[in-house]
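Listed below, chain by chain, are the residues.
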Amino acid sequence: VQLVESGGGLVQPGGSLRLSCVASGFTFSSYGMSWYRQAPGKERELVAAITSAGGSTNYADSVKGRFTISRDNAKNTVYLQMNSLKPEDTAVYYCNVIRTPVAYWGQGTQVTVSS
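A brief look at the structure comes next. (Residues numbered from 1 in each chain as written. Predicted model: local features only at pLDDT ≥ 70, side-chain atom pairs only at ≥ 80, totals over all residues. Heavy atoms only, no water.)

## With respect to the packing of aromatic side chains
Applying the stated criterion to the full structure yields four aromatic pairs. Here the aromatic rings of Phe26 and Tyr31 are separated by 5.6 Å at their centres, their planes lie at 80°, and the arrangement is edge-to-face. An aromatic cluster is built from Phe26, Phe28 and Tyr31, whose rings are joined through pairwise contacts. Of note, Arg44 hangs over the ring of Tyr94, and the distance from its end group to the ring centre comes to 3.8 Å. Above the face of the Trp105 ring, Arg44 is positioned so that its terminal group lies 4.5 Å from the ring centre. (Phe/Tyr/Trp six-rings, centres within 6.5 Å; stacked < 30°, edge-to-face > 60°. Lys NZ or Arg CZ within 6 Å of the ring centre and 35° of its normal.)

Put into structure tokens, the structure is as follows:
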């Protein structure tokens, strides 16, 4: 299993970024996918999740209405569209899949929101 995130960077408050995670080594369309983030000195937290076919999503309260998770099963890719970014969104963002009993993680992509 390999998960490769991209799309992070430095953005001003109020700006937008789209993160991508390309998956390989498993049948992508059969698994729900998630995005987590970890800020310095804080625990890793769930940001958003999407079911295998993309029919259901859920979000952390802190990002509802600003972030959108989506997936393209033909491209083995899950996305996180982040709008109206705030300084408190600064973190390393990780892609995640659970193939019970193992949880797999990407290497992470840094998102920094600062003026």
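## Some points on the pairing of strand β5 (residues 45–50)
With five bridges joining them, strand β4 (residues 33–38) and β5 adopt antiparallel strand pairing. Pairing of Met33 across the sheet is with Ile50, part of β5. Hairpin connection, β4 to β5: the antiparallel pair is bridged by six residues, and Gly41 has positive phi, about 75°. In the sheet, β5 pairs with strand β6 (residues 57–59) via three bridges, with the strands oriented antiparallel. Across the sheet, the residue bridging to Ala48 is Tyr59, located in β6. In sequence, β5 turns back onto β6 through a hairpin of six residues, with Gly54 there showing a positive phi of about 85°. (Pairing = 2+ DSSP bridges. Helix = DSSP H or I, 4+ residues; strand = E, 2+ residues; numbered from the N terminus.)

## Considering unusual backbone geometry
The residue after Thr100, namely Pro101, is reached through a cis peptide bond having omega 5°. By the element assignment, Pro101 lies in the loop between β9 (91–99) and β10 (102–105). One non-glycine residue, Asn76, lies in the positive phi region at around 50°. The class of Asn76 is partly exposed, set by a relative accessible area of 26%. A positive phi is found at Ser84, a non-glycine position, where the angle reads about 50°. With respect to the helices and strands, Ser84 occurs in the loop between β8 (77–82) and β9. (Buried < 20%, exposed > 50% of the residue type's maximum accessible area, 1.4 Å probe, protein only.)

Honestly, that's just the spatial picture; any functional story needs more than this.
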